[in-house]
Amino acid sequence: GHSWHPSRPPGRASQIRCHLLVHQPLVLYLMVACAALRLRRRGAPTSRGYRMRLWPLAPLVVIAVCLYVCYQLITPETWVQLAIAVGTLVVGALYYIAYLYPRRADRWTLPDPIHEDV
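Calculation notes
- Residues numbered from 1 in each chain as written.
- Predicted model: local features only at pLDDT ≥ 70, side-chain atom pairs only at ≥ 80, totals over all residues.
- Heavy atoms only, no water.
- Phe/Tyr/Trp six-rings, centres within 6.5 Å; stacked < 30°, edge-to-face > 60°.
- Helix = DSSP H or I, 4+ residues; strand = E, 2+ residues; numbered from the N terminus.
- Buried < 20%, exposed > 50% of the residue type's maximum accessible area, 1.4 Å probe, protein only.
- Lys NZ or Arg CZ within 6 Å of the ring centre and 35° of its normal.
- Expected span 1.5 Å × (residues − 1).
- Arc of directions from axis to C-beta.

Asks: Requested: an account of the packing of aromatic side chains, with residues and values cited.
Replies: One pass over the full model with this rule turns up two aromatic pairs. Pairing Tyr95 with Tyr99 gives two aromatic rings, centres 5.5 Å apart and planes at 25 degrees, and the pair type is stacked. With a gap of four residues between them, Tyr95 and Tyr99 both fall in helix H3 (residues 79–100), about one helical turn apart. For Tyr95, a relative accessible area of 46% translates into the label partly exposed. According to the relative accessible area criterion, Tyr99 is partly exposed, its value standing at 29%. When the ring of Tyr96 is compared with that of Tyr101, the centres are 5.9 Å apart and the planes differ by 55 degrees; the resulting orientation is tilted. Relative accessible area serves as the criterion here: at 40%, Tyr101 is assigned to the partly exposed category. Sitting over the ring of Tyr101, Arg104 keeps its end group 4.0 Å from the ring centre.

Asks: Please provide a residue-by-residue account of H3, values included.
Replies: Since there are 3.6 residues in each turn of an α-helix, residues three or four apart along the chain are aligned in direction. Helix length check: H3, at 22 residues, gives a terminal C-alpha distance of 30 Å against a target of 32 Å (1.5 Å per residue), a fit within 8%. When H3 is considered as a whole, its buried residues turn out to be Gln81, Leu82, Ala85, Leu89 and Leu100. All buried residues of H3 fall inside an arc of 120 degrees around its axis, so they share one side. Pointing more than 90 degrees away from the buried face of H3 are the exposed residues Trp79, Val91, Leu94, Ile97 and Ala98.

Remember that the coordinates give geometry; whether it matters functionally is a separate question.
Below, the structure is given as structure tokens:
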């Protein structure tokens, strides 16, 4: 007697992976929209060359939709997955602030292009 059935509900690990696939992109989109608002604020020292009609409507809509979707997805069982997604992004941000940013002269730099004679 083998008790395994293909219709058996997925285990806890696959449920966590499934929820992370939903929550982490939502948190990431939320962060990108907030960053866009911060970088394009009035009086910013750098000028961005691109214009967008109805600015800042697009990032505000993205923020509202992401918050609504997160609110709809959160149940007492899934708040842990959202916390894991946010925690992953926080760890990445701390790594950037503590290690990469102080070494920005030699990290994340692009080499000069190679000019070939054609």
